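Residue-level structural notes
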Amino acid sequence: MPTRPFQLDDLYAIHIPSDPQLSPDGRSVAFVVSVADAEKDHTRSTIWLVTTDGGEPKQLTSGPADSAPRFSPDGRHLLYLSSSDGGPAQLWSLPLDGGEATRLTDLPLGAGLGVWSPDGTMIAWTTTVDGAEPVEDSVAARRRPVVVDDIGYKIDGLGLRKELRQQLFVLTVDGGQARQLTDGDHDHTMPVWAPDSRGIAVSMPDYSVYGTVLCPQTIAVVDVETGRLTPVTAADAMFWALDWSPDGETLLMVGSDRAGLAEPRLWTVPAEGGQAPRQLLPDHPGNHLPNWDLTFPARFTADGTRVRFGEWYLARTRVLEAPVTGGAPKELLGGTRTVRTAAYGTEAIAFVAGDEGHIAELYISDGQGERRLTRFQESNLGEVDFVAPQVRVFEAPDGQRVHGYILRKDDVEGPSPLLVDVHGGPYNAWTPALSEHFLYQQALAGQGWTVLCVDSRGSASYGDAFMQATNGEWHYADEGDILGAVDVVVAEGLADPARLVLSGFSYGGTMTAWLTTRTDRFAAAIAGVMISDHVSWQGTDAGVLTSEWIAGGPLREVYDRLTDRSPIAHVGKVTTPFMILQNEEDLRCPMLQGELWFQALRAQGVRARLVRYPEVTHFALLGGGAPSYPRDAYQRLMDWALEHTGAASDSSDTER
């Protein structure tokens, strides 16, 4: 029975199920459970098994870093990744009828997700291979110059690519040696077996053109016996392979027929190549790569006549089924929930979903109806009274309708302090379902605050035209959507105009800085992993396409427009007390961007604070790694907001 509001220490009680996999007989589901370990300061992941009839879930592995379970075609073994010995992740096989797991690989840089061949005789995966000549002297290796000839030489979370490339390997399960099938300067990712086990489709990104974000992606088929690689899609398109038709004639893909910014859609293409791809649902709205997550599956049905897939639409994700020949899709899963991922059986669908009252649980939907298979939230957070979001539609000053939501307890009376939270991207969206991320929103709402989240122009899942509406006009095009929604909430008497606080991470942090150059109405602002100067941002791993999104052209042509759309160009107008949370190893929004903003504010006498997080990359403050980072960032955000609105946090433990 819920009896208290959410507190930040509850982060350590959240169990997140993910990556469900149905057994071949449909009787059980393997899945991953992740939970923050406060004592060891890491996110612990283990593999579990539950029967589809609703039995008690059983933990199969002990962790601390196990993932990617995959049933063998006969259902007798479970393949998975583990770095239990502290080294890089390796492939392991666990017999499900009893016995110890066996390690299958021992690669110096680890293995990637393993995929069984349909005949059960082989396993494919991609792994990082270092093409540089080995140097025994570690000091000499560290001092070796890095020669760069192309854009896309660094990736946030990986660092400098140097000679590191993702290559495709196969292993025969009867004890054979691992065999490398691909080589060369391209990465080869996301292997998908052909039904006859003779070919593997891979996706090949080309970072040399634009950089690493929304770059060209070619699909090719690799012959398992010879290693011969046959391109299937054009070099200037952007596709990822997802599945083969049961007859092996057709590939199912997600992406776009042009590289760059576009809502990803489902396409099919003859597997032998030589023909143009066909879009599956050209007239249907929605984004077919929910949350930009390439692990969300799309699959042919067993008879090859239909496709099941996830669709991100109006900030929620649902599962649809559509005829391969075209026609209106039907909804299989959705409603007010947000489906995080799914696994498709012949009839059953195992899926993880959240809603306004639950962060994430595992479910099964089959001929007997729908059943919840896990109850982690009830077991670990049953006493927490989460604040349900109120979905709203706001009208911007120019008449554009924008979606969003408000968090506010039912018993709050009169105008309250307001947190205006801006999402990242900008090609992303706030979901009204509960999430393990951004839970400072729940903590503040539990203390009587109102929280406003707006999917302003540029947000994904509202159609390609809406997502592209900020192109060339970053900040100018979407600022009115956010400020207009604030006007509405204030006019309705929900927010105290003297106690407004602005926050955001990544693009949201950049927009936070921008809005403080446009208005002094906010009592405080907090920006996480922000950009202050869009000109120098062109040198990051985000690549050179960003100048087109921001200012409408390449850097050489739009330098002045890029400068004008940079918050730092207008910093002299800022009077708002400002805190910056920046990660020292971030290659997407580098440390210098936060330092520049901080020093400019302090030089003109504005109250400012810079918090530097060591050894972490772009997404560390949002979870998935060391949980102390988001815990600390969320607390600091709350403390800054409370301090500048005349209150103090009940749970502050951060150094002011």
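Scope of this entry: the structure provided in the associated data block. Given the structure is predicted, the values throughout are model-derived calculations rather than measurements.

Basis of the calculations
Residues numbered from 1 in each chain as written. Predicted model: local features only at pLDDT ≥ 70, side-chain atom pairs only at ≥ 80, totals over all residues. Heavy atoms only, no water. Axes fitted to C-alpha atoms, helices over the stretch in contact; angles between N-to-C directions. Helix = DSSP H or I, 4+ residues; strand = E, 2+ residues; numbered from the N terminus. Parallel < 35°, antiparallel > 145°, perpendicular 65-115°, else oblique. Contact = heavy atoms within 4.5 Å. Nonpolar A, V, L, I, M, F, W, Y, C, P; charged D, E, K, R; others polar. Buried < 20%, exposed > 50% of the residue type's maximum accessible area, 1.4 Å probe, protein only. Pairing = 2+ DSSP bridges. Core = buried A, V, L, I, M, F, W, Y, C linked by side-chain atoms within 4.5 Å. Phe/Tyr/Trp six-rings, centres within 6.5 Å; stacked < 30°, edge-to-face > 60°. Patch = residues over 30% accessible without salt bridge, like charges linked within 9 Å, V, L, I, M, F, W, Y side chains within 5 Å. Areas by Shrake-Rupley, 256 points an atom, 1.4 Å probe, with all protein chains shown as cover. Salt bridge = Lys/Arg side-chain N within 4 Å of Asp/Glu carboxyl O. Expected span 1.5 Å × (residues − 1).

1. Comments concerning the packing of helix H6 (residues 479–491) against helix H7 (residues 507–518)
Contact geometry for H6 and H7: axes closest at 11 Å, N-to-C directions at 70 degrees. Of the possible angle classes, the one that applies to H6 and H7 is roughly perpendicular. Along its contact with H6, which presents Glu479, Ile482 and Leu483, the element H7 presents Met511, Trp514, Leu515 and Arg518. Here the contact of H6 with H7 is built from residues that sort into five nonpolar, no polar and two charged.

2. So, the pairing of strand S24 (residues 306–313)
Where burial is concerned, most of S24 is hidden: six out of the eight residues are buried. Summarising the sheet, strand S23 (residues 299–300) and S24 pair through two bridges and their orientation is antiparallel. By the bridge assignment, Phe300 is partnered in S24 with Val307. Taken together, S23 and the strand that follows it, S24, pair antiparallel across an intervening segment of five residues, in which Gly304 is found at a positive phi of about 75 degrees.

3. A closer look at the nonpolar core
Grouped together as the largest cluster of nonpolar side chains are 134 residues, with contacts concentrated most on Phe6, Leu266, Leu452, Phe578, Leu581 and Trp597. Sorting elements by how many residues they give to this core places helix H11 (residues 628–643) first, with eight residues. The residues contacting Leu581, other than those within four sequence positions of it, are Phe505, Ile526, Ala527, Gly528, Val529, Val611, Tyr613, Leu621, Ala633 and Arg636. Ranked by size, the runner-up nonpolar core spans 15 residues in total, among them Ala201, Ile219, Phe239 and Trp267.

4. Quick word on the packing of aromatic side chains
In the structure shown here, the tally under the stated rule is 19 aromatic pairs. Measuring from centroid to centroid gives 5.0 Å for Tyr440 and Tyr634, while their planes differ by 70 degrees, and the two rings are edge-to-face. Pair noted here: Tyr440 is in helix H4 (residues 440–446) and Tyr634 is in helix H11, with a separation of 194 residues, a long-range link. You'll find Tyr440 and Tyr634 in the same group, each marked buried.

5. Side note on a nonpolar patch on the surface
On the surface, Val146, Val148, Tyr153 and Leu160 cluster together to form a nonpolar patch covering roughly 300 Å² of accessible area. Structurally, Tyr153 can be placed in the loop between helix H1 (138–143) and strand S11 (154–155).

6. Here we look at the pattern of salt bridges
One side chain can pair with another of opposite charge once the charged atoms of both are near each other. Following the criterion strictly, the structure yields 33 salt bridges and no others. The partner of Glu311 in a salt bridge is Arg318, and the shortest N-O contact between them spans 2.6 Å. Across the salt bridge formed by Asp398 and Arg457, the nearest N and O atoms sit 2.7 Å from each other. Linking Asp398 in the loop between strand S31 (389–395) and strand S32 (401–407) with Arg457 in the loop between strand S34 (450–455) and helix H5 (464–467), this pair joins segments that are 59 residues apart in sequence.

7. As for the sheet that holds strand S2 (residues 28–37)
Hydrogen bonding along the main chain pairs the strands of a sheet, whether they run parallel or antiparallel. Strand order in the open sheet formed by four strands is S1-S2-S3-S4, and the pairing between neighbours is antiparallel. Both edges of this open sheet fall to strand S1 (15–22) and strand S4 (58–59), since each of them pairs with a single strand only. Where S2 lies against strand S3 (residues 42–51), ten bridges are found, and the strand directions are antiparallel. Residue pairing across strands places Ala36 opposite Thr43, the latter belonging to S3.

8. A look at helix H10 (residues 591–603)
Relative to the 18 Å expected for 13 residues at 1.5 Å per residue, H10 spans 18 Å between its end C-alpha atoms, a close match to the ideal helical length. All buried positions along H10 are accounted for by Met591, Gln593, Gly594, Trp597, Ala600 and Leu601. In this structure, the buried residues of H10 make contact with H7, strand S37 (578–583) and strand S38 (608–613). Note on H10: the residue one or two positions beyond its end, Gly605, has a positive phi of about 85 degrees.

9. Thoughts on unusual backbone geometry
Residues Gly63 and Pro64 are joined by a peptide bond in cis, for which omega reads 10 degrees. Counting through the fold element by element, Pro64 comes out in the loop between S4 and strand S5 (66–71). Residue Pro426 is reached from Gly425 by a cis peptide bond, and omega for that bond is 5 degrees. Within the secondary structure, Pro426 is located in the loop between strand S33 (416–422) and H4. Not every positive phi belongs to a glycine, and Asp19 is a case in point at roughly 50 degrees. Counting through the fold element by element, Asp19 comes out in strand S1.

10. Here's the deal with the pairing of strand S20 (residues 250–256)
Counting buried residues along S20, six of its seven residues qualify, which places the element largely inside the surrounding structure. Pairing of strand S19 (residues 238–244) with S20 involves six bridges; the strand directions are antiparallel. Bridge pairing in S20 places Ala241 opposite Met253. Hairpin connection between S19 and S20: a loop of five residues separates the two successive antiparallel strands, and Gly248 in this loop has a positive phi of roughly 75 degrees. Across six bridges, the pairing between S20 and strand S21 (residues 265–270) is antiparallel. Across the sheet, Thr250 pairs through a bridge with Pro270, a residue of S21.

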